[in-house]
Amino acid sequence: MIFKSPHYCIFVQNKSGMNTTEQVEKILADTSLSTELQNIAHKVFHRERITFDEGVYLYEHAELGYLGVLANFIREQKHGDKTYFNRNFHLEPTNLCVYDCKFCSYSRLIKQKEEGWALTMEEMLDIVKKYDDEPVTEVHIVGGVLPQYDVDFYSALFSAIKKHRPDLHVKALTPVEYHYIFKKAKIDYATGMRLMKEAGLESIPGGGAEIFHPEVREQIAKDKCTGQQWLDIHEEWHKLGMRSNATMLYGHIEKYWHRVDHMEKLRELQDRTGGFQTFIPLKFRNQHNQMSNVPESSVIEDLRNYAIARIYMDNFDHIKAYWAMISRETAQLSLNYGVDDIDGTLDDTTKIYSMAGAEEQNPAMSTHELVNLIKQVGRKAIERDTLYNVVTDFENVVFEEDKKPQYYKLPVVNQD
């Protein structure tokens, strides 16, 4: 598959004969491009940081082919053809929530409790124990916010998981939950995060960021923590020497400059702490929520957004696309637009994506399927742990399913 522009093209499944350096050099020699686009390409080629205004300019003026060449150049400079995934499962304590985010298709208010669930500690640990014989490396814990799930509850849960399975990495909760439980416990962020670390928390996912700017945040998620509070909690976590991820919810009522403002705040914090591992753009889905009147972004816009994120977030090692949210096919395309991580096997343990109307209504993929998904577009599949240590390089791995002889029914020629 090829996306064409008037000046050059980028191959999605079959790469062109040029390497990434030659593709950027072709852009630099293209006199029909605007001065601004040529200057940005020059900065990317020489590993210089682009400015806020240049980020906005990319959103407003850059074509997909141009963005793909620059983003893929950065991606391959950092990671070559490596594409990362992990074997994980989700634990979602509840979909009941005290907050009323307009974009959320997952949560139910407490008054709608008949439509939701709220697991006990024992039920949560039973889910963890289901994977005792599976080679998973991470449990990802996230869900709604309820008063009974407080500092003591989560401390006990994290400790119990680590006691049961010490090698299982606990990646849990977002600043939305932490802000709520720390406020309820009357402790500051620094104390709260230290208590979580002592209980067994090992990293923080990137959720709850949405769009930081209050102009947008107050319209779509006014009740929960502010953008600055989100950043403050991650900063306290980083001060403990720990790692986390960051997200951005795009494609709803925000303007392009809101996206750049969001990425700029993350980039500034990363300059100070170096604690972020991965930036994850999250596509807004309009099914079963209070913003169903807002159209979703196109696949072209999704790919443009991934590419601009890779170009702008120069101090983030990784850009991730959730295959379960954007579809397997779009995830494959994204691997040529700056993305180097497509998350994990999931094993059908999350309802967050399917309830929002994602293409994947039962988001489960075996390791074999995920590896093949990556290899089909010419990339090297690398299983990682949560901290990006290599677990298995699948470049030369042959699965048992691939060893079996394939038989095909041939047409029968009528001899009569």
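Procedures and definitions
- Residue numbers restart at each chain and count upward from 1, following the sequence in its written direction.
- Under the rules for a predicted model, residues below a pLDDT of 70 receive no local features and side-chain atom pairs below 80 are neither given nor counted, while totals for whole chains, interfaces and linings still include all residues.
- Remark: hydrogens and water are excluded; side-chain values derive from all non-hydrogen atoms of the structure.
- What counts as a salt bridge is simple: a side-chain nitrogen of Lys or Arg found within 4 Å of a carboxyl oxygen of Asp or Glu.
- Helix and strand assignments come from DSSP, with helices taken as H or I runs of at least 4 residues and strands as E runs of at least 2, each series counted from the N terminus.
- When a residue's accessible area, from a 1.4 Å probe over protein chains only, is under 20% of the maximum for its type it is buried; when over 50% it is exposed; and in between it is partly exposed.
- With axes taken as lines fitted to C-alpha atoms, and helix axes fitted only over the stretch in contact, angles between N-to-C directions fall between 0 and 180 degrees.
- Each angle is binned into one of four classes, with values under 35 degrees roughly parallel, values over 145 roughly antiparallel, values of 65 to 115 roughly perpendicular, and all other values oblique.
- In this scheme, a crossing is called left-handed if the near helix is turned counterclockwise away from the far one by less than a right angle; it is called right-handed if the turn is clockwise.
- Two residues form a contact once any of their heavy atoms are found within 4.5 Å.
- Side-chain classes follow a simple rule in which Ala, Val, Leu, Ile, Met, Phe, Trp, Tyr, Cys and Pro form the nonpolar group, Asp, Glu, Lys and Arg form the charged group, and the remainder, Gly included, forms the polar group.
- The set of buried Ala, Val, Leu, Ile, Met, Phe, Trp, Tyr and Cys residues whose side-chain atoms join them within 4.5 Å is what this entry labels a nonpolar core.
- This arc is built from the directions going out from the helix axis to the C-beta atoms.

Asks: So what exactly am I meant to see when it comes to the pattern of salt bridges here?
Replies: Tallied over the entire structure, the rule returns 23 salt bridges. With its nearest N and O atoms 3.1 Å apart, the salt bridge here joins Arg194 to Glu198. Of this pair, Arg194 and Glu198 are both found in helix α8 (residues 189-199), four residues apart, which corresponds to roughly one turn of the helix. For Glu198, a relative accessible area of 57% puts it in the exposed group. For Arg272, the salt bridge is made with Glu235, and the minimal N-O distance between the two is 3.1 Å. Of this pair, Arg272 sits in helix α11 (residues 256-273) while Glu235 sits in helix α10 (residues 227-239), and the two are 37 residues apart along the sequence. Accessibility expressed as a relative area gives 54% for Arg272, which makes it exposed. Taken together, the shared-partner salt bridges in this structure form one network comprising Glu254, Arg259, Glu301 and Arg304.

Asks: Explain the packing of helix α2 (residues 35-45) against helix α3 (residues 52-61) to me, please; I cannot follow it from the model alone.
Replies: Angle between the axes and distance between the axes: these two values describe a pair of packed helices. Between α2 and α3, the shortest axis-to-axis distance is 11 Å and the interhelical angle comes to 120°. With respect to α3, the element α2 is oriented oblique. For the element pair α2 and α3, the recorded crossing hand is left-handed. Where α2 approaches α3, its residues Glu36, Leu37, Ile40 and Lys43 are matched on the opposing element by Glu54, Tyr57 and Leu58. A per-class count over the contact of α2 with α3 returns four nonpolar, no polar and three charged.

Asks: Sorry if this is basic, but what is going on with the nonpolar core here?
Replies: Most often, soluble globular proteins have nonpolar side chains that are buried together. Ranked by internal contacts, the top residues of the largest apolar core, which has 119 residues, are Tyr66, Phe158 and Tyr178. In terms of residue count, helix α4 (residues 64-79) provides more of this core than any other element does, eight residues in total. Apart from the residues within four sequence positions on either side, Tyr178 is in contact with Phe158, Ala172, Leu173, Met193, Met196, Leu201, Ile204 and Ile233.

Asks: What is the right way to read α8 from this model?
Replies: Residues separated by three or four positions in an α-helix point in the same direction, a consequence of the helix having 3.6 residues per turn. Where α8 is concerned, the buried positions are Tyr189, Gly192, Met193, Met196 and Ala199. For α8, the arc enclosing every buried residue in end-on projection is 120°, short of the 170-degree limit, so these residues lie on one face. The inward-facing, buried residues of α8 contact α6 (151-164), α7 (175-185), β9 (203-204) and α10. Gly200 lies just past α8 and shows a positive phi near 130°.

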